[in-house]
Amino acid sequence: MIIAEQKPLDEILKMISGIEKLLVLGCRGCVAVCSTGGDKEVGILASALRLGRKKAGKPIEIDEETYVRQCDPEYLEPLKEDGKNYDAVLSMACGVGVNFIADRCPGVNVLPALNTSFYGANLSSGEWAEMCAGCGACILHLTGGLCPVARCAKSLSNGPCGGSVGGRCEINKDVLCIWHQICEKLTSRKQDQLLREIVPIRDWRPSGHGGPRRRIREDLLP
Amino acid sequence: VISGSNLEQVLTSGQFTVTGELGPPQNGNFDIVRDKARILKGHVDAVNITDCQTAIVRMSSLTAGLIALSEGVEPVMQVTCRDRNRIGIQSDILGASALGIKNLLCLTGDHQKFGNHPQSKGVFDMDSIQLLGMVKTMRDDKKFQCGDEIKSHEPRLFLGAAANPFADPFEYRPIRVAKKVEAGASFIQTQIIYNVEKFARFMEIVRDLGLHEKVYILAGVTPPKSVGMARYMKKFVPGLDVTDEVIERLKGAKDPKEEGINICVDIIKQVREIPGVAGVHVMAIEWEQAVPEIVSLAGLSPRPGAKTVEPRLRSSESIELIVSNAKEGAKAEIEKALEQAQASRDLVIKEKEEITSAISSLKRQTEEATAIADQKETEIKRLTEELAKTRAGRGHAQAAKGLASNRESIALSSRERRALTSVRSGLEALRKGLGINEDQLEALRRFFEAEFLLHSDTAEQVTIPFYEEAVPEEKLEKPEAAARRKEVVNLVAKGNVLLHKNDAAGALDAFEKALAIEPGDQKAGEGLKKAREALESAALEEKAAAPAVPEGVPPCPEGLSSEEWQRKWVIRFVATGNVCLYKGDVDGALKAFKLALELEPEDEKARAGLLKAESGLIAPVPVPAEPEVPEKAEVPPTPESKISPVIKEVKAEAKKEAPVTTPITGIEGLSFAELPKETTALSERAGSVPGNQFTEPCTGVIREIRLGEGEKALTVGGASALPFHMFEGDMPHAPHIAFGILDSEPEDWPDVLGKYYSDVFSDPVAWARKCINDYGAEAICLSLVSTDPNGMNQPSSQAAKVAQSVIEGVDVPVILWGCGNAEKDTETLREVTNLIGSHKVCMGPLSDANYRSLGATAMAFQLPVVASTPIDVNLAKQLNILLENLGLSLDQILVDPSIGAVGYGIEYSYSVMERIRLAALTQQDEKLQVPFICNLGREVWKTKECRLPSNSHLGDQERRGVLMEAITASTLLLAGGELMIMMHPKAVALTEALIRGMI
């Protein structure tokens, strides 16, 4: 899922300075699951903003709303009109939601409440880690299911660099060296031949270096 | 042959190879690279030029490599994948190849996190293995990475790669080397080796894989410059295995630098013995000067001459050098030619003289001949006369004789003609031999002919000596003279260059040598004079400069110019001065500023500082209440050291005069004024509202309990009204606050609390004294946490000794608070009472589990106790009854109702305390008429809110914690708390201010 993090309150307050009527708009998709932009967080952020503005002597009127998803047109439909009743809509969805509102709801001033971080998994309550880089050319069958593109600091293709010590990455001892893990996994599975083969230089176009990506499935097109 | 580089040649020749390393500067200074290259020149076979190592921006490896090359040092250009993508790298490689670079080391590169631009985007378009493959394809297949053809001039590069035998997983490392070899590496340079044994194991696997026959392996070595450097590498450089032996050797060494070199040499000798090691890669990091010594001590010098190192680009200086050399050469040639010409001229003159003498002899002969002719004429005359005389008689015979002699004379003149011809041909030969021009020859010829015509004479051959006859002698001597001359000229030039570079001693030497060869050489003489003058003036300058460096400035370290070093010290002195000013230390400031001005008389800051210090204009010093959090792992400064002595005295005096007033120490933004006291009585304020409408007089009184002994003893309790309800009754003693301290170093205190005590953590007595002396503590509560059987489980006897030393070491009341384990507390507290004798100390907590044993002890020694129950009115009352039944007086009991921090159940504590107090005061419940003790500090500081770091959402951590503690305390005060146990000095100050404002 997409993992996001709320922007610092001060940044949001600065963003909405001068705004008198605001809609805080949550999303029940990924950001709700990672406890960043769901119903509960909408309530907390709205309260914090009200308090902050009251303290600054500039009270604000804030409504709260949470959509099922902000990345599907049918759910955004009501916002096209409702959004115009506000000076701004503070979206607590990932960047996709903010963009999609900006695309689909002309006349609505949409602002981001979150920093969209990465594609990750929930390790434990309150802890998420990046697992995929969305590079568009998956090689996980060659690496024991562990992704060096997303999880190696240098996105190496041909084994661990010289900074791998004790199974940890040189950039931070809290980071696992994913190549160390790949080596262990492939060796234990007797697939270590894969470790001896030279993986050729990558084509980075599918990972976004070839321009904005778009996917079309003819059979589903209206 | 791959690239034909010197490195390749030395490696393929089978000689043990040495490569060096040159780190380009963090600026655009050409000279730094050139100087480093000159140090290494001749001592290594090639030099690695690093590519922004450790991700710090430096001069590019290509550029620095070209500078090295222009000095005749063969570079191994390093290229990483961190900063450039395949387009950039291939482009640089083409450039490198065009300008004569022949070796390339392909690396992935250190992560940008380690450098000075951690914010940058790492490129990592490929990794080192893919990079090797790409360059190999460019070289061997003449194709760019995309597959396009390189139509001509493909880069011919000798490719290398790195390997780290000390990184994990160990078994994979040789396989990775194999991958690199397969991808195109011809040589491998390893990570720095200190653990030779592990490297040998690595090499064993390498040999098992047969790699040592496919690739040249150069073992990486680095001389450690100091113990500090070795420790740093061990600790912070990932994948570097610095053995303890190395650290010990450096530690024990008199001269660690020398020992560092020895260590490096030893390692070289050891790795050389390992089969498959083709050479060493000496990385003297910012210590290039060590390389020649290391190489020589390791027995690896001299290196084979680098014949193939031919720069395509040259520095302007080297061009100048070449031009000046060429000039000198040309000059010598010209001089030689001039000398020859001079010799020829001399020869011509000599020939001329000889010819002249020959001519004069000819002249003489001619004269003689003329004389003979005259004689003949006279004879002819005589004969004619005789003929005339004898015409008649024997006339015919006589006449025949005369004719014959005449014929003779005609024959003579034909000989003369022959002589003239041979003179002519001789002159022609002379002309050819001497290069005499036509006009000169013509002049000579005419001269001879004139002589002949004038004095036609004997036909003797004129011998003309040959030019060649003289030359051979000259030829033998001249080259020697020329060589001497050349050497003198070279020496003079060298001397002048050295003189220009301010190396007067070297110049002197050069000139003296020149004079030894050619004592009369004018230029050398002049140079010598100049060099002497320069030396003298340098000596004078040195003398003059020496006293200008004041004491306290250590000698300039390597790598810094003396100006930079001096500048640093000026800044340091000015800073010291300012600190002294700030502290009020005028003398110190004067001294520091003067030192700074001695170094740099123009420094404005120092001048301004000096003026300030002299005028005694010292800014009022605010009391820095907050000891700085020690940033480095040094002994944390105690708050005293931050306070100037003047202020300290003032503080001490103030304390004597008004011991009750604790100076309020506030964090910035939390400094608060004393609360305004309400001066108008409530009855007045109530106006016409009758008193019985707003008062509810109490009928009970809380007992008074005396804690401690002597002057500093405290009395708590005594209230006959609800807390601070002064309009309803009396509150004879203000609530008091005891500082909570521990008998051992706290494990989990947040820094914002711990920093106030970290210097005394190890010594509970000093800790208690610090609370009293620095923070004005009225009482101390010593928690015997070390005895907790679930924790450190220290023996009771030990804790008791600590308690004893605290009790005997301070004069304020002491409360001893056990670890909460009923059994252990009984043991410990009993032990204490055995040790302290008649000292009065309050003990707790007594619970229903140990009240009997501890109650008896307290009764025996007449000590106050803390009766502790879990948040319940009835339980509190019951324990008091039990203690009373045991024989204890209620005047000895303080009730601990169990309290929680704000947000952690304080409402329950508040409610229970309120109900206990109401029962005591309004319902005459005698068993509850005892004061409350609230051990709140420990509760507050373990909450999550006090531990989360500062952030924009929750604000400053310390301010947050202080407020948590002070608000918890004020809440409990309002519920009736009489004795608070708190920890943070600022929270205490804040709470005390509140109490003063309320009473």
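Higher on the page you've got the structure.
These numbers were taken from a predicted model, which means no experiment stands behind them. (Residues numbered from 1 in each chain as written. Chains lettered and ligands numbered in written order. Predicted model: local features only at pLDDT ≥ 70, side-chain atom pairs only at ≥ 80, totals over all residues. Heavy atoms only, no water.)

Novice: Teacher, can you tell me more about the sheet that holds strand S1 (residues 2-6) of chain A here?
Specialist: The pairing of strands in a sheet comes from backbone hydrogen bonds and takes either a parallel or an antiparallel form. Residue and element names in this part refer to chain A. Reading across the sheet, the three strands line up as S1-S6-S7 and stay open at both edges, with antiparallel pairing between neighbours. Either end of the sheet is taken by a strand with one partner, and the two such strands are S1 and strand S7 (127-132). Averaged over all adjacent pairs, the angle separating strand axes in this sheet is 70°, with direction ignored. Here five bridges tie S1 to strand S6 (residues 114-124), and the two strands are oriented antiparallel to one another. Within S6, the position partnered with Ile3 by the bridge is Phe118. (Pairing = 2+ DSSP bridges. Helix = DSSP H or I, 4+ residues; strand = E, 2+ residues; numbered from the N terminus. Axes fitted to C-alpha atoms, helices over the stretch in contact; angles between N-to-C directions.)

Novice: Please clarify how the layout of surface pockets should be interpreted in this entry.
Specialist: Here the idea is plain: a probe the size of a water molecule rolls over the atoms and shows the empty space left. Taken as a whole, the second largest pocket encloses approximately 1100 Å³ of empty space. The wall of the second largest pocket is formed by 39 residues, among which Val149(A), Ala150(A), Cys152(A), Ala153(A) and Ser155(A) lie closest to the centre. For the lining of the second largest pocket, the secondary-structure elements that each account for two or more residues are S7, helix H7 (148-151) and strand S9 (172-176) of chain A together with helix H4 (86-98) of chain B. Among the elements that make up the lining of the second largest pocket, the one with the highest residue count is S7(A) (four residues). Along the lines of polarity and charge, the residues of the lining of the second largest pocket split into 17 nonpolar, nine polar and 13 charged. (1 Å grid on protein atoms, 1.4 Å probe; cavity = no way out; pocket = protein on both sides within 12 Å on 5 of 7 lines; lining within 4 Å. Points joined across faces, edges and corners; volume = space filled by probe spheres on them. Nonpolar A, V, L, I, M, F, W, Y, C, P; charged D, E, K, R; others polar.)

Novice: Is there a simple way to think about unusual backbone geometry in this case?
Specialist: Phi is mostly negative for residues that are not glycine, and the peptide bonds are mostly trans. In the segment running from Asp168(B) into Pro169(B), the intervening peptide bond is cis, with an omega of -15°. Checked against the element boundaries, Pro169(B) lands in the loop between strand S5 (158-163) and helix H6 (172-183). The amide bond that connects Ser301(B) to the next residue, Pro302(B), takes the cis arrangement and shows omega of 0°. Here Pro302(B) lies in the loop between helix H11 (290-297) and helix H12 (316-390). A positive phi angle is found at Lys190(A), which is not glycine, with a value near 60°. If you check the backbone angles, Phe124(B) has positive phi at about 45° while not being a glycine. Tracing the backbone through its elements, the reader meets Phe124(B) in the loop between strand S4 (103-107) and helix H5 (128-141).

Novice: Sorry if this is basic, but what is going on with the packing of aromatic side chains here?
Specialist: One pair of aromatic rings is described through two measures. These are the centre distance and the angle between the planes. According to the stated counting rule, one finds eleven aromatic pairs over all chains in the structure shown. Ring geometry for Trp749(B) against Tyr757(B): centres 6.1 Å apart, planes inclined by 70°, an arrangement best described as edge-to-face. Clustering of aromatic rings is evident, with ring pairs tying together Phe739(B), Trp749(B), Tyr756(B), Tyr757(B), Phe761(B), Trp767(B) and Tyr775(B). Its guanidinium or amino end placed over the ring of Trp204(A), Arg202(A) lies 4.9 Å from that ring's centre, counting from NZ or CZ. The side chain of Arg272(B) reaches across the aromatic face of Phe16(B), ending 4.6 Å from its centre. (Phe/Tyr/Trp six-rings, centres within 6.5 Å; stacked < 30°, edge-to-face > 60°. Lys NZ or Arg CZ within 6 Å of the ring centre and 35° of its normal.)

Novice: Looking at this model, I keep getting lost on the sheet that holds S4(B). Mind explaining?
Specialist: Residues and elements named next belong to chain B. Spatial strand order, S1-S2-S3-S4-S5-S6-S7-S8: eight strands in a closed barrel with parallel pairing. Each adjacent strand pair in this sheet contributes to an overall mean axis angle of 30°, direction not counted. Pairing of strand S3 (residues 75-80) with S4 involves five bridges; the strand directions are parallel. Residue pairing across strands places Met77 opposite Leu104, the latter belonging to S4. Contacts between helix H3 (residues 61-70) and the sheet are confined to strand S2 (46-49) and S3, with S3 contributing the most and set at about 180° to the helix. Against the sheet, helix H7 (residues 196-208) contacts S5, strand S6 (187-192), strand S7 (216-221) and strand S8 (277-282), and its axis sits at roughly 170° relative to S7. (Contact = heavy atoms within 4.5 Å.)

Novice: Sorry, what's going on with the pairing of strand S15 (residues 865-868) of chain B here?
Specialist: Successive side chains on a regular strand alternate, one facing one side of the sheet and the next facing the other. All names here are of chain B. Burial along S15 is two-sided: the face carrying Val865 and Ala867 and the face carrying Val866 and Ser868 are both buried. Relative to S15, strand S14 (residues 842-846) runs parallel, the two sharing two bridges. Bridge pairing in S15 places Met843 opposite Val865. Handedness of the β-α-β unit built from S14, helix H28 (residues 851-861) and S15 comes out right-handed. (Buried < 20%, exposed > 50% of the residue type's maximum accessible area, 1.4 Å probe, protein only. Right-handed = clockwise from strand over helix to strand, strands pointing away.)

Novice: Just checking my understanding: could you explain the side chain of Asp51(B) for this structure?
Specialist: Residues and elements named next belong to chain B. Position of Asp51 relative to the elements: it lies in the loop between S2 and H3. Only 3.0 Å separates the side chain of Asp51 from the side chain of Arg84, close enough to count as a polar contact. Setting aside anything within four residues of it in sequence, one finds Asp51 in contact with Ser61, Gln78, Val79, Thr80, Arg82, Asp83 and Arg84. (Polar contact = N/O pair within 3.5 Å; in protein donor to acceptor, adjacent residues only side chain to side chain.)

Novice: Just checking my understanding: could you explain the pattern of salt bridges for this structure?
Specialist: A side chain with one charge can pair with a side chain of the opposite charge if their charged atoms come near. Residues and elements named next belong to chain B. Tallied over the full model, the rule gives 40 salt bridges over all chains. One salt bridge in this structure joins Lys36 and Glu288, with 3.4 Å as the shortest N-O distance. Placement of Lys36 in helix H2 (residues 30-40) and of Glu288 in the loop between S8 and H11 is noted, with a sequence separation of 252 residues between them. Like Lys36, the residue Glu288 is buried in the burial classification. Two residues, Lys712 and Asp811, come together in a salt bridge whose shortest N-O distance is 3.2 Å. Residue Lys712 is located in the loop between strand S9 (704-707) and strand S10 (714-717), and its partner Asp811 is located in the loop between helix H26 (796-809) and strand S13 (814-817); the two are separated by 99 residues in the primary sequence. For Asp811, a relative accessible area of 44% corresponds to the partly exposed category. Connected through shared salt-bridge partners, Asp31, Arg34 and Asp35 make up one network. (Salt bridge = Lys/Arg side-chain N within 4 Å of Asp/Glu carboxyl O.)

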